[in-house]
Amino acid sequence: MKKRLRMLTVMLYPYAYLVCLAAYYFLCVRFEGSDGLRAGGLRALVVLAVLFNLYAAFSVIANLVAAVRGKRAAGELAKANRMIKLAHIPAYVFHFALGILGLVASVWGIGLILWAIVIDFLTIILSGTVGLSASLCARREGLLTEGESIAYAVLSFVYCADVAAAIVFCEKLKKR
């Protein structure tokens, strides 16, 4: 259960920010909360974001360490990686649209563009680390050659190619 909760954190990573921002908007801005509520709400969001980032980083590092030590199976990690990558597609599309909106939003658009870039970068690092873990396990278990393992590990960190690689990787492990 603990392993799945950690992977769920990575899967929901790009969406957690949207929920927090929506909550802040509706509680503090839309309903015209007091300045104290706005400031306190913003501080709470920043603290929540830092804690969530730390937990997500801890999750993927713990997963990587468990994979290196041989405590995780390649097939299990490949399936988790595929599910995570597929679940992130709508978030990537939303962040791309946010970046495009930022291009036409004059000076305020810079913040939107930076937001989209930072969240997408952190998301690809977290989900790519899960792919790296799966690749290391598959190599250790003899399911992949060294070249295939390196290719899948590298592709896990490349936008768009990561989704295709996760699907191919999972299907390849099913056949073996």
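In this text the structure is predicted, and so the values were computed from the model without any measurement.

Enquirer: Describe in detail the side chain of S133, supporting the description with residues and values.
Expert: In this structure, S133 sits in helix α4 (residues 109–140). Under the relative-accessibility criterion, S133 is labelled buried at 0%. Apart from residues lying up to four places away in sequence, S133 is in contact with N63, L64, A67 and L77.

Enquirer: So what about the pattern of salt bridges? Which residues, and what values?
Expert: Tallying each qualifying case throughout the model produces six salt bridges. The salt bridge partner of K174 is E171, with a shortest N-O separation of 3.5 Å. Here the residue K174 and the residue E171 both occupy positions in helix α6 (residues 161–175), the gap between them amounting to three residues, near one helical turn. Overall, K174 belongs to the exposed group, its relative accessible area being 51%. On the accessibility criterion, E171 (32% relative accessible area) is partly exposed. The network of salt bridges with shared partners includes R82, E171 and K174.

Enquirer: I'd like a rundown of the layout of surface pockets, residues and numbers included.
Expert: Using a probe with the size of a water molecule, rolled over the atoms, empty space left in the structure can be pinpointed. Estimates place the volume of the second largest pocket at around 220 Å³. Along the walls of the second largest pocket sit A16, Y17, C20, L21, L42, L45, V46, L48, A49, F52 and W115, which together make up its complete lining. Mapped onto the lining of the second largest pocket, the elements with two or more residues apiece are α1 (2–30) and α2 (35–68). For the lining of the second largest pocket, the leading source of residues is α2, giving six residues.

Enquirer: Quick rundown of the packing of aromatic side chains? Include the residues and the values.
Expert: Scanning the model with the defined rule gives four aromatic pairs in all. An angle of 40 degrees between the planes, with centres 6.4 Å apart, marks the rings of Y55 and F58 as tilted. Here Y55 pairs with F58, and both are found in helix α2, just three residues apart, close to one helical turn. Given the relative accessible area of 32%, Y55 is considered partly exposed. A centroid spacing of 4.9 Å and a plane angle of 35 degrees characterise the contact between Y152 and F169, whose relative ring orientation is tilted.

Enquirer: Tell me about helix α3 (residues 74–104), residues and numbers included.
Expert: Taking 1.5 Å as the rise per residue, α3 with 31 residues should run 45 Å; its terminal C-alpha atoms sit 44 Å apart, in good agreement. The principal kink in α3, of about 35 degrees, is found at I89, preceding the proline P90 by one to four residues. Within two residues after α3, S106 carries a phi angle of roughly 55 degrees, on the positive side.

Enquirer: So what's going on with the packing of helix α5 (residues 146–155) against α6? Residues and values would help.
Expert: In the contact formed by α5 and α6, the axes pass within 8 Å of each other and the chain directions differ by 145 degrees. The handedness of the crossing between α5 and α6 comes out as left-handed. Contacts from E148, Y152 and L155 in α5 reach A161, D162, A165, V168, F169 and K172 in α6. Classifying every residue of the contact of α5 with α6 by side-chain character gives six nonpolar, no polar and three charged.

Enquirer: Now, about the side chain of H88: what can you tell me, with residues and values included?
Expert: Here H88 lies in helix α3. At 3.0 Å, the side chain of H88 and the backbone oxygen of V10 are in polar contact. Ignoring any residue separated from it by four or fewer positions in sequence, one finds H88 in contact with V10, M11, P14, Y15, T123 and S127.

The rules behind these values
- Residues numbered from 1 in each chain as written.
- Predicted model: local features only at pLDDT ≥ 70, side-chain atom pairs only at ≥ 80, totals over all residues.
- Heavy atoms only, no water.
- Helix = DSSP H or I, 4+ residues; strand = E, 2+ residues; numbered from the N terminus.
- Buried < 20%, exposed > 50% of the residue type's maximum accessible area, 1.4 Å probe, protein only.
- Contact = heavy atoms within 4.5 Å.
- Salt bridge = Lys/Arg side-chain N within 4 Å of Asp/Glu carboxyl O.
- 1 Å grid on protein atoms, 1.4 Å probe; cavity = no way out; pocket = protein on both sides within 12 Å on 5 of 7 lines; lining within 4 Å.
- Points joined across faces, edges and corners; volume = space filled by probe spheres on them.
- Phe/Tyr/Trp six-rings, centres within 6.5 Å; stacked < 30°, edge-to-face > 60°.
- Expected span 1.5 Å × (residues − 1).
- Bend = angle between axes of the 7 residues up to and from the residue.
- Axes fitted to C-alpha atoms, helices over the stretch in contact; angles between N-to-C directions.
- Left-handed = near helix turned anticlockwise from the far one by under 90°.
- Nonpolar A, V, L, I, M, F, W, Y, C, P; charged D, E, K, R; others polar.
- Polar contact = N/O pair within 3.5 Å; in protein donor to acceptor, adjacent residues only side chain to side chain.

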